[in-house]
Amino acid sequence: MMQMPQVPARVASLARYRRDPVVMWTIRATAAAVLSYEVAVRLSSEPAPLTAPLTALLVVQVTLYSTLTTGIRRVVSVLAGVLIAVGFSAVAGLSWWSLGLIILAALTIGQFIRVGEFVVEVAISAMLVLGVTQLASQAWDRVLETLIGAGVGLLFNFLLAPPVWVEPAAESIVGLARRTRSLLVGIGEELDSPVPVAQAADRLDQARRLDKATAEVDTALRQAEDSLRLNPRVSEGLLVRLVLRTGLDTLEICVVVVRVLARSLTDLAKRHKEGEPLFPADTAQALSELLADVGAAMVSYAVLVTTPVSGNAEQAENRLAAELSAAWDRRQAVAEMLLRSVQQHPHAWQLYGSLLAEIDRMLDEMDLEHRSRRLMAELDRAAAARHERSARLAGLKRLAWIGRPARRQG
């Protein structure tokens, strides 16, 4: 009997690809390059005006904000290179010394006009134009092609709103929290057994590698923040940006504290005799459960700051509050157990206190009131900055109005 194709599953798969920012950016960039080429073929005298699609590919970035910033700098860099080549062609042809001079001049001028990472593009454009025949006409054809490619790329991002990269950034934030929780759980499982120094040091190395993961999450979040700026598909871009940014800042602090905690446990392993467990069985069990609670709270915190729907956010907030409360209760029991252990290991009292302080720091950072105060402070700072920009713009308008010539009375 023939099986019918799973149409709903295929439709869902297509819908998922349609929401994928990478897929959407690839399609938009390809379409913009092809369209710019077709326009350049009709307007330019060059037989193969490939500068237009090349510029379109570079201009159609992943976000509208980056398109506007990099697109303008891209056009400026290419035009500067063309103008430099036109100037050099009037006095010298293409030779090794003229090539060196034009590269030196292009890189120097590129620094002055502040085109950022497109400084090299100034030199590349100048070299390509200097090397063509019939320089005067072809140079301006290259300018035209560059403007066509940049115009088509900008038009694509204005008419077809770029994808929002919030979901990938949110997934990376939650992934960082889960990875940190996994490390805390792994550390807790080893506390009731002898821990060689090499094993403790390996956990410390794992904690240090979380710094790289944090940097990768920060890159994804910066891309998401850019995708929210000037995007007509987003109504509360500022709030979303601040919630995600403050959430990642908190998790980054927790990651740093986990590294310090792993350092304390490594130092504790160095002070114990070979074959001696780090803690008594009951203390190790309680501390292991406490670290698991902290890790679970970290994941709940990441879910909270990345949850867009108010109903789900309230559910995540209640879960986080319950986990933090349970962690604080267990922390009190662990503190009493560690106090009794100090009598048997007086040399370790500083490290015991350090462990408690590090756990306290993570719980404090994830506290709901602390999160609210920090978010409100960031909102106030953003509002003040916006007010300052508005006041500056109003001042410029008044100056422009004052400078206008008075109309004669008829």
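What you are looking at is a predicted structure, and each value in this text was computed from that prediction instead of being measured. (Residues numbered from 1 in each chain as written. Predicted model: local features only at pLDDT ≥ 70, side-chain atom pairs only at ≥ 80, totals over all residues. Heavy atoms only, no water.)

Novice: For helix α11 (residues 281–305), give the residues involved together with the corresponding values.
Specialist: Helix length check: α11, at 25 residues, gives a terminal C-alpha distance of 36 Å against a target of 36 Å (1.5 Å per residue), a fit within 8%. For α11, the buried fraction is high: 18 of the 25 residues fall into the buried class. (Helix = DSSP H or I, 4+ residues; strand = E, 2+ residues; numbered from the N terminus. Expected span 1.5 Å × (residues − 1). Buried < 20%, exposed > 50% of the residue type's maximum accessible area, 1.4 Å probe, protein only.)

Novice: Any details on empty space enclosed by the protein? Residues and values, ideally.
Specialist: Counted by the stated rule, this structure contains two cavities of 30 Å³ or more. In this model, the largest cavity occupies a volume close to 90 Å³. Every residue along the wall of the largest cavity is listed here: I187, E190, L191, V195, A200, R203, A262, L265, T266 and L278. Breaking the lining of the largest cavity down by element, the ones donating at least two residues are α9 (197–228) and α10 (237–271). The element contributing the most residues to the lining of the largest cavity is α10, with three residues. Looking at the lining of the largest cavity, its residues break down into seven nonpolar, one polar and two charged. Lining the second largest cavity we find L191, L261, L265, L287, L291, L355 and I359. Going through the elements one at a time, α10, α11 and α13 (349–365) are the ones with two or more residues in the lining of the second largest cavity. (1 Å grid on protein atoms, 1.4 Å probe; cavity = no way out; pocket = protein on both sides within 12 Å on 5 of 7 lines; lining within 4 Å. Points joined across faces, edges and corners; volume = space filled by probe spheres on them. Nonpolar A, V, L, I, M, F, W, Y, C, P; charged D, E, K, R; others polar.)

Novice: Just give me the short version of a nonpolar patch on the surface, but keep the residues and values in it.
Specialist: A cluster of nonpolar side chains, contributed by I72, V76, I109, F112 and I113, occupies part of the molecular surface with about 460 Å² of accessible area. Relative to the helices and strands, F112 is located in helix α5 (residues 96–112). (Patch = residues over 30% accessible without salt bridge, like charges linked within 9 Å, V, L, I, M, F, W, Y side chains within 5 Å. Areas by Shrake-Rupley, 256 points an atom, 1.4 Å probe, with all protein chains shown as cover. Salt bridge = Lys/Arg side-chain N within 4 Å of Asp/Glu carboxyl O.)

Novice: So what about the environment of R74? Which residues, and what values?
Specialist: Relative to the helices and strands, R74 resides in helix α4 (residues 64–89). By relative accessible area, which is 1% here, R74 ends up buried. Through-space distance from the C-alpha of R74 to that of G116 is 9.3 Å; in sequence the pair is 42 residues apart.

Novice: Let's hear about the environment of I102: which residues, and what values?
Specialist: Looking at where I102 falls in the secondary structure, it is placed in helix α5. Residue classification places I102 among the buried positions, given a relative accessible area of 0%.

Novice: Explain the packing of α11 against α13 to me, and be specific about the residues and the numbers.
Specialist: Two elements in contact, α11 and α13, have axes separated by 10 Å at closest approach and are oriented at 25°. Between α11 and α13, the angle is such that the two are roughly parallel. As α11 runs across α13, the sense of the crossing is left-handed. Touching L287, L290, L291, V294 and M298 of α11 are I359, M362 and L363, all from α13. (Axes fitted to C-alpha atoms, helices over the stretch in contact; angles between N-to-C directions. Parallel < 35°, antiparallel > 145°, perpendicular 65-115°, else oblique. Left-handed = near helix turned anticlockwise from the far one by under 90°. Contact = heavy atoms within 4.5 Å.)

Novice: Can you break down the pattern of salt bridges residue by residue, with the values?
Specialist: Counting across every chain of the model gives 12 salt bridges. One salt bridge connects R330 with E289, and the closest N-O pair in it is separated by 2.5 Å. Of this pair, R330 sits in helix α12 (residues 310–344) while E289 is found in helix α11, placing the two residues 41 residues apart along the sequence. The residue R361 makes a salt bridge to E365 at a minimum N-O spacing of 3.1 Å. Residue R361 and its partner E365 are both found in helix α13; the two are separated by four residues, about one turn of the helix.

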